[in-house]
Amino acid sequence: KDPTILLLDEPTNNLDHSGLDHLQSMIQMTDKTCVVISHDEDFLNAFTDQVLYLDIHSKKVEVYDGDYFFVKEAIKTRIQKENAKNARLLKDAQAKKDQANKFANKGGGMRKVAKTMRSDAADMEASFVDVRREDVALRNFTVPFAPSSANGVLM
């Protein structure tokens, strides 16, 4: 059969330099869609024109156009912008709360203004951007071993 998509999971493992070059050439020359999972950034960057990022925290698939290194930089820039936006929102929300506390202590009609300001501060806090977090922690895992036969071959 003639597949329309190639799924390659860590295809560079155990390849020597000529094998890696051959694989890279094959991917670059094919007219098929290739989905490649790899930790080899230079290999990915050689042929990538789009990246699907599987975010384990948000459980979403994000699509980025560009080579691998461009996408990495775009993600880094986005994280910096999101963190800066959250810092501004936090600062503004705290300023509203502080001002609301001053107004609430004055009594009278100012209490109503303070209540509105607290509501505005809560809205600001609710609009914080969910910033991507990289999953760099290695979880504990075990590799179960099958019993070996008399000749040492795993069953």
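Refer to the structure presented above.
What comes next concerns the included structure. (Residues numbered from 1 in each chain as written. Predicted model: local features only at pLDDT ≥ 70, side-chain atom pairs only at ≥ 80, totals over all residues. Heavy atoms only, no water.)

**Overview of the packing of aromatic side chains**
The description of two aromatic rings rests on the distance between their centres and on the angle between their planes.
Stage number 1. Applying the stated criterion across every chain yields a total of two aromatic pairs.
Stage number 2. On the basis of an interplanar angle of 75 degrees and a centroid distance of 4.9 Å, the ring pair of Phe43 and Phe47 is categorised as edge-to-face. Taken together, the positions of Phe43 and Phe47, both in helix H2 (residues 41–47) and four residues apart, correspond to about one turn of that helix. Phe47 carries the same exposure label as Phe43, and that label is buried. (Phe/Tyr/Trp six-rings, centres within 6.5 Å; stacked < 30°, edge-to-face > 60°. Helix = DSSP H or I, 4+ residues; strand = E, 2+ residues; numbered from the N terminus. Buried < 20%, exposed > 50% of the residue type's maximum accessible area, 1.4 Å probe, protein only.)

**A few points about the pattern of salt bridges**
Stage number 1. Counted under the stated rule, the structure contains five salt bridges.
Stage number 2. The shortest N-O distance in the salt bridge between Arg78 and Glu62 comes to 3.3 Å. Residue Arg78 is located in helix H3 (residues 68–106), and its partner Glu62 is located in strand S4 (residues 60–65); the two are separated by 16 residues in the primary sequence.
Stage number 3. Residue Glu82 is joined to Arg78 by a salt bridge in which the shortest nitrogen-to-oxygen separation is 2.9 Å. (Salt bridge = Lys/Arg side-chain N within 4 Å of Asp/Glu carboxyl O.)

**Observations concerning the pairing of S4**
Stage number 1. The pairing of strand S3 (residues 50–55) with S4 spans six bridges and is antiparallel. Considered in S4, the bridge of Leu54 is made with Val61.
Stage number 2. In sequence, S3 turns back onto S4 through a hairpin of four residues, with Lys59 there showing a positive phi of about 60 degrees. (Pairing = 2+ DSSP bridges.)

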